[in-house]
Amino acid sequence: MLAELQSALGVRRRDALGRVQRLEAALAAYRRAVEERVVAEFARDHGLRTPQLTGVSPETAARHLHEAVLALPELIDRGAEQSSAAPPQPSPTADTKPRSPSRVGTSTAGPTAGAPLPHLAALGTRKLVVIGALAGRQKSEAIPESLLPQTEWVDTGSGGAHAIGNLPQRIRQGRVIALVILDRAVQHKHSEPLVSAARAAGVPVGFAGKGGAASIRRALANIEEQLAARST
C-alpha cells in the first residue's frame with residue numbers, strides 16, 4: 001500500500017516539476033537571448049568583433065516563455081472560468097467596425113503542415129531528432145513528408161536512458177541538425193544531457209510540449225527561424 005502511494009505521489013510530482021522545468025528552461029533561454037543582444041549591440045557600437053550567438057531573438061524567446069506560462073493548468077482553468085462568465089457577443093446589428101489585431105497576444109494557430117522549412121530541408125545526411133514518449137503518436141502528421149526520411153524518433157517512454165544511447169556524442173560530432181524535445185513527455189534527466197550537448201555544439205532545440213502535431217510544427221518553425229538567423 002505504501003509503495004503504491006509513493007508511486008502515485010512520484011507521478012504527480014514528476015508532472016508538476018516538468019511544468020516548472022519547462023518554465024525555467026524558457027526563462028533561461030530568454031535571459032540568454034537578452035544578454036546576447038546587449039553584447040552584440042555593445043560590440044557593434046564600439047567596433048568590436050561580434051561573438052557567435054545562438055541565433056534566438058529575445059522576441060522569439062519571450063514568445064516561448066509566454067506560451068509556457070499560458071500552458072500552466074492553473075491559467076487554463078482560470079481562462080475557462082472567465083470564458084464561461086464572459087458577456088454575450090454583440091448582435092449582428094451592433095457596430096462591427098473592423099479593429100486592428102492586438103500585438104500583445106500570440107496566435108493560437110500553429111504553422112501549417114505545409115509551411116516551408118528550407119534550412120531544415122537542407123540537412124543533408126544530418127538527422128532531425130525528436131525525443132520523448134512517442135507511443136501512439138501519428139508521426140507523419142507532425143513532420144513534413146520531405147523530412148520524414150531524415151527524421152529519427154527516440155522513444156524515451158519505452159527505452160529510457162538506453163533509447164538515448166550515444167545521441168549526445170552524435171550531437172557534438174555535428175551529425176544532428178536539430179532536436180525537437182517533447183518537454184512534457186520526457187523526464188528532465190533524459191533531456192538535460194541532450195540540451196547541454198546541443199548548446200555546446202550550436203545545435204538548435206525546439207520544445208513541443210506533449211508532442212501534439214501542432215506543437216511539433218511550432219517547434220520546427222522555431223528551429224527553422226534559428227537556422228535562418230545563423231545563416232544571415
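One can find the structure itself at the top, above this paragraph.
Residues numbered from 1 in each chain as written. Predicted model: local features only at pLDDT ≥ 70, side-chain atom pairs only at ≥ 80, totals over all residues. Heavy atoms only, no water.

(A) Main features of the overall build of the protein. The secondary structure content of the protein amounts to 9 helices and 4 strands. Ordered by position from the N terminus, the helices and strands of the protein form the series α-α-α-α-β-α-β-α-α-β-α-β-α. Looking at the protein residue by residue over its 232 residues, the buried ones come to 30%. Long-range pairs, those at least 24 residues apart, make up 72% of the contacts in the protein with a sequence separation of at least 6. (Helix = DSSP H or I, 4+ residues; strand = E, 2+ residues; numbered from the N terminus. Buried < 20%, exposed > 50% of the residue type's maximum accessible area, 1.4 Å probe, protein only. Contact = heavy atoms within 4.5 Å.)

(B) Fine view of the nonpolar core. Formed by 20 residues in total, the largest nonpolar core has its most connected members in Leu120, Leu128, Val180 and Leu220. Of all the elements in the fold, those that place two or more residues in this core are β1 (127–132), β3 (176–181) and α9 (213–231). When near neighbours in sequence (up to four residues on either side) are disregarded, Val180 contacts Leu128, Val129, Val130, Ile131, Gly206, Ala208, Ala219, Leu220 and Ile223. Of all hydrophobic cores here, the second largest spans 16 residues; its members include Ile131, Ile164, Val176 and Ala198. (Core = buried A, V, L, I, M, F, W, Y, C linked by side-chain atoms within 4.5 Å.)

(C) Highlighting the environment of Phe207. For Phe207, the location among the structural elements is in strand β4 (residues 205–207). Relative accessible area serves as the criterion here: at 38%, Phe207 is assigned to the partly exposed category. Residues Phe207 and Arg218 lie 11 residues apart in sequence; the distance between their C-alpha atoms is 8.4 Å.

(D) Region of interest: the sheet that holds β3. Strand order in this open sheet of 4 strands is β2-β1-β3-β4, and the pairing throughout is parallel. Because the sheet does not close on itself, it has two edges, and the strands there are β2 (151–155) and β4. When the angles between neighbouring strand axes are averaged without regard to direction, this sheet yields 20°. Docked against the sheet, helix α8 (residues 188–201) engages β1, β3 and β4, running at close to 145° with respect to β3. The sheet contacts of α9 involve β1, β3 and β4, and relative to β4 the element is tilted by about 155°. (Pairing = 2+ DSSP bridges. Axes fitted to C-alpha atoms, helices over the stretch in contact; angles between N-to-C directions.)

(E) Up close: a nonpolar patch on the surface. Taken together, Leu27, Tyr30, Val34 and Val38 make up a surface patch of nonpolar side chains, about 320 Å² in accessible area. Along the polypeptide, Leu27 turns up in helix α1 (residues 2–45). Assessed through its relative accessible area of 47%, Leu27 is described here as partly exposed. (Patch = residues over 30% accessible without salt bridge, like charges linked within 9 Å, V, L, I, M, F, W, Y side chains within 5 Å. Areas by Shrake-Rupley, 256 points an atom, 1.4 Å probe, with all protein chains shown as cover. Salt bridge = Lys/Arg side-chain N within 4 Å of Asp/Glu carboxyl O.)

(F) Region of the structure containing helix α2 (residues 58–70). Taking 1.5 Å of rise per residue, the 13 residues of α2 would be expected to cover 18 Å, and the 18 Å separating its terminal C-alpha atoms lies within 8% of that figure. Among all positions in α2, only Pro58, Thr60, Ala61, Leu65 and Ala68 are buried. Around the axis of α2, the buried residues are gathered within 165° of arc, so they sit on the same side. (Expected span 1.5 Å × (residues − 1). Arc of directions from axis to C-beta.)

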